[in-house]
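# What the coordinates show
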Amino acid sequence: MSTLRENTSEQSKGDSLSRSLSHGQLTMIAMGLALGTGLFLGSSSAIKIAGPGAIVSYAIGSMIAAIIAACAGEMSVRHPVQGGFGTIASRYLNPFSGYITRWAYWACTVPLAGAELVAVGHYVAFWFPQIPLWASVTFFGVLILVLNLVSVKSFGALEFLLSSIKVSAVIVFMVIGLLLVFVGLPNHGAAGVQNLVNDGGFLPNGPMSIWISMAVVMFSFGGVEMISLSAAEAKDPARSVASSVKAMIWRLSTFYVVSMAIILCLVPWQTAAQNSELTESPFVMVFSEMGIPFAADIMNFVVLVAALSGANASLYAATRLMHALGADKMAPSVAARTTSRGVPMVALLISFTGVVVATVMAVAKIGNIFALLMALVTLCILIVWIMILLTYQAYKKDQGDASSFTVLGGRLTAGLALVGVLGTLVALFMLDGSGVQESIMVGVVFFVLISIGYVIASRRLGGFKRPDLDAMHEAEELQARATES
């Protein structure tokens, strides 16, 4: 019997997660990270590099992200287990790969949650400058902690609400924007597409700028892999994961590409690229062009919601990864314990402690340290994507089309996405002031330290075996039936 199967039997005593997430909530959890400040504020950086060619960059980025989400989704439909793609990597690559993948993603989500909370505090100060940054950060941090502690249902409900607001805002923007471009509105004639070729043409900085801007664009799609982690808490994982992947793919590709095209049709690219401050965000510029009163206030509300949603989803992801690591004895085993509501409380508190540390660094303006943490995030998310795609290659070789949901093109499609992710990693070195050296330095230290931890734990426990994922799922189903009866 494998180590993880033994852990699974222990979970019946109080270590198992609760299957409470609906189809819509599962989709919105992934959207919570993938549709955030990267679109609303970060688009200026991509436009500055590639000009109107940023439309192509986002189109390519959305395709790569769609493939990553679909690959993670196919594996999770076949194996809807805790730890998602990390646990699956342990089975189809080796336990060390699963360990590295989950710790890398945990290292992404913890500082990201802290950064998003700090962003929320700054957005609150836009309206209420008299409120200290630490007060806003503390209030919203406690809010998402409490909601995550209550039950996965409360978390899912909040994330559904927050992501729905973001999605609605983008849809309204696209509808009005397309009218402004092709039809015109009262007091606004049709803008047309002339801005796409003015000021130096469609590729003012040359074809290479599309590739270089990918280093900025791809981070906007971080979070598409969240569906895999959420599968262990879906009511009907096989159906929910498949439908959620499909919905998220077309939503993200449409939202990002169409939004960029609208912005670049309505606003000269050099103006849209001036800076990414709230009052000069491309979205604010377009809202102002529409003649909408209080455009900056509307945008402030939307990006506040986007940041709060991102913090909420990041804390959720960090917690589930820590819980899975604890269950596999690759982290303190106490992290595997759950409450009677199926909430991994210890894992949540451990992850939230990391969020608090990252947040304090940002609030205290410990620039170098926090910048290094964010550099680590940059490196880790690329490594996680690479590991997902490598795992998928091994999974398909072993399982074929065993999943009820399959990726069109299978291993070939995943291979193309892997080339794209590796190309993005190389493109990082082409960015001015991208912090590549810091990323490498922090990343190497981090991976050396957790590798040492793996060796120590492996020797203490007599090694880690590949998990029997089918046995894990069967044990969970038997437990669910016993609970229902």
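Structure: see above.
The sections below set out a description of the structure shown in this document. (Residues numbered from 1 in each chain as written. Predicted model: local features only at pLDDT ≥ 70, side-chain atom pairs only at ≥ 80, totals over all residues. Heavy atoms only, no water.)

## Focus: the packing of helix α5 (residues 54-78) against helix α10 (residues 208-217)
Formally: Between N-to-C directions, angles cover 0 to 180 degrees, with each direction set by a line fitted to C-alpha atoms, over the stretch in contact for helices. Only DSSP runs of H or I with at least four residues qualify as helices, and only runs of E with at least two residues qualify as strands; both kinds are numbered from the N terminus onward. Angular relationships are summarised with four words: roughly parallel below 35 degrees, roughly antiparallel beyond 145, roughly perpendicular across 65 to 115, and oblique for the angles in between. Helix crossings fall into two classes, left-handed where the near helix is turned counterclockwise from the far one by less than a right angle and right-handed where it is turned clockwise. In what follows, a contact means two residues having at least one pair of non-hydrogen atoms within 4.5 Å. Residue classes follow a fixed rule: Ala, Val, Leu, Ile, Met, Phe, Trp, Tyr, Cys and Pro count as nonpolar, while Asp, Glu, Lys and Arg count as charged, and any other residue, Gly among them, counts as polar.
Following both chains from N to C, one finds α5 and α10 inclined at 55°, their axes separated by 9 Å at the closest point. One element, α5, and the other, α10, form an angle in the oblique class. Classified by chirality, the crossing of α10 by α5 is right-handed. Touching Val-56, Ser-57, Tyr-58, Ile-60, Gly-61 and Ile-64 of α5 are Ile-210, Ser-213, Met-214 and Val-217, all from α10. Of the residues that constitute the contact of α5 with α10, the class distribution is seven nonpolar, three polar and no charged.

## Overview of the nonpolar core
As a reminder, the rule being used: Put simply, a nonpolar core is a bunch of buried Ala, Val, Leu, Ile, Met, Phe, Trp, Tyr and Cys residues held in one set by side-chain atoms that sit within 4.5 Å of each other. Buried, partly exposed and exposed residues are distinguished by accessible area as a fraction of the type maximum, computed with a 1.4 Å probe on protein chains only: under 20%, between the cut-offs, and over 50%, respectively.
Ile-47, Trp-103, Tyr-105, Val-224 and Trp-385 are the most contacted members of the largest nonpolar core, which has 133 residues in total. Here Trp-103 is in contact with Met-322, Leu-325, Met-330, Ala-331, Phe-446 and Ile-450, once residues within four sequence places are set aside.

## Quick notes on the environment of Met-345
Within the secondary structure, Met-345 sits in helix α16 (residues 345-363). Overall, Met-345 belongs to the partly exposed group, its relative accessible area being 36%. Along the sequence, Met-345 and Leu-149 sit 196 residues apart, while their C-alpha atoms lie 6.5 Å from each other. Those residues in contact with Met-345 that sit more than four places away from it in its chain are Leu-149, Arg-337 and Thr-339.

## Quick word on helix α4 (residues 43-50)
Quick note on the threshold: When we speak of the arc, we mean the arc of directions from the helix axis to the C-beta atoms.
Taken as a whole, α4 has its buried residues at Ser-43, Ser-44, Ala-46, Ile-47 and Ala-50. One side of α4 carries all its buried residues, which in axial view fall inside an arc of 160°. Looking one or two residues past α4, Gly-51 carries a phi angle of roughly 60°, positive in sign.

## Structural notes on the pattern of salt bridges
Counted only if it meets this: Between Lys or Arg on one side and Asp or Glu on the other, a salt bridge is scored when a side-chain nitrogen of the former is within 4 Å of a carboxyl oxygen of the latter.
Throughout the structure, instances matching the rule amount to four salt bridges. When the shortest N-O distance is used, the salt bridge between Glu-74 and Lys-396 registers 3.0 Å. Of the two residues, Glu-74 sits in helix α5 while Lys-396 sits in helix α17 (residues 367-399), which places them 322 residues apart along the sequence. With a closest N to O distance of 2.7 Å, Lys-396 and Asp-401 form a salt bridge. The class of Lys-396 is buried, set by a relative accessible area of 10%. Judged by its relative accessible area of 59%, Asp-401 is exposed. Look at the salt bridges and you will find they share partners, linking Glu-74, Lys-396 and Asp-401 into a network.

## With respect to the environment of Asp-468
Among the secondary structure elements, Asp-468 is positioned in the loop between α19 (436-461) and α20 (469-484). We classify Asp-468 as partly exposed; its relative accessible area is 33%. A sequence separation of 378 residues divides Asp-468 from Ser-90, and the C-alpha atoms of the two residues are 9.8 Å apart.

## Description of unusual backbone geometry
The backbone of Asp-199 sits at a positive phi, close to 55°, despite the residue not being glycine. Secondary-structure assignment places Asp-199 in the loop between α9 (152-182) and α10. On the accessibility criterion, Asp-199 (38% relative accessible area) is partly exposed. Positive phi outside glycine occurs at Lys-329, with the angle close to 65°. Counting through the fold element by element, Lys-329 comes out in the loop between α15 (295-327) and α16. Note on Lys-329: relative accessible area 26%, which makes it partly exposed.

## Some points on a nonpolar patch on the surface
Inclusion rule: Each patch is built from residues lacking any salt bridge and having more than 30% relative accessible area; the joining distance is 9 Å for like charges and 5 Å for nonpolar side chains (Val, Leu, Ile, Met, Phe, Trp, Tyr). Only the protein chains shown count as covering a residue, and every accessible area follows the Shrake-Rupley method with a 1.4 Å probe.
Taken together, Phe-429, Ile-440, Met-441, Val-444, Val-445, Val-448, Leu-449, Ile-452 and Ile-456 make up a surface patch of nonpolar side chains, about 820 Å² in accessible area. Here Ile-456 is to be found in helix α19. Ile-456 gets classed as exposed once you look at its relative accessible area, which sits at 54%.

## Examining α16
The test is simple: Helix span, as expected, comes to 1.5 Å for every residue beyond the first.
In this model α16 runs 26 Å from its N-terminal to its C-terminal C-alpha over 19 residues, within 8% of the 27 Å that 1.5 Å per residue would give. Listing the buried residues of α16 in full gives Ala-347, Leu-348, Ser-351, Phe-352, Gly-354, Val-355, Ala-358, Thr-359, Met-361 and Ala-362. Of the residues trailing α16, Lys-365 is marked for its positive phi of about 60°.

## Section: the state of the cysteines
Under the convention used in this document: In plain terms, two cysteine sulfur atoms within 2.5 Å form what is called a disulfide here.
Counted according to the given criterion, the structure contains zero disulfides. The thiol of Cys-108 is unpaired, and the distance to the nearest cysteine sulfur, on Cys-380, comes to 4.6 Å.

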